[in-house]
Amino acid sequence: MDNIFESFIENLVSECLQSVKFSFLPEREKKEVAQKLRDHFYSMTIDTLIDQLSDEQVNQIKDLDSKSKMEEKMAEFAASIPGFAFVLEDKLKAKMSQILQTGQIPASPAGGPN
């Protein structure tokens, strides 16, 4: 979406991979887990943002013809929502804690980012 979100998500992924639940995995499996984590955290970011947008803003995003334009518009909207970064951070950190406790990564919805 935006470098700030990507950086934050990458930090969460890195923290998960260094945890007791995932640090023992062979490198190939770590890469697979990292991608699943990225996809899940990215989907959560999108869902959290969409929950904060008006119908008109959602339609503006849907009307765009490329993923990069959609992501740019979403970053623009995210920047205009007071406290959005804090709400998102709380949700993602709570999910990361759950993943670290269970060792289970929820499946991303069909059609998620790739």
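Since this is a predicted model, take the numbers as computed values, not measurements.

Please give an account of the pattern of salt bridges that cites residues and values.
In this structure the tally under the stated criterion is five salt bridges. The closest approach of N and O atoms between Lys73 and Glu76, which form a salt bridge, is 3.5 Å. Of this pair, Lys73 and Glu76 both sit in helix α4 (residues 67-80), three residues apart, roughly one helical turn. With relative accessibility at 46%, the residue Glu76 sits in the partly exposed group. Note that Glu89 and Lys93 form a salt bridge whose closest N and O atoms lie 3.2 Å from each other. Of the two residues, Glu89 and Lys93 both sit in helix α5 (residues 84-102), four residues apart, roughly one turn of that helix.

Can you explain the side chain of Asp39? Please cite residues and give values.
Structurally, the position occupied by Asp39 is in helix α2 (residues 27-52). Among buried Asp, Glu, Lys and Arg side chains, Asp39 stands out as unpaired, with Arg38 the closest opposite charge at 7.0 Å. At 2.8 Å, the side chain of Asp39 forms a polar contact with the side chain of Gln35.

Thresholds applied
- Residues numbered from 1 in each chain as written.
- Predicted model: local features only at pLDDT ≥ 70, side-chain atom pairs only at ≥ 80, totals over all residues.
- Heavy atoms only, no water.
- Salt bridge = Lys/Arg side-chain N within 4 Å of Asp/Glu carboxyl O.
- Helix = DSSP H or I, 4+ residues; strand = E, 2+ residues; numbered from the N terminus.
- Buried < 20%, exposed > 50% of the residue type's maximum accessible area, 1.4 Å probe, protein only.
- Lys, Arg positive; Asp, Glu negative; His and termini not counted.
- Polar contact = N/O pair within 3.5 Å; in protein donor to acceptor, adjacent residues only side chain to side chain.

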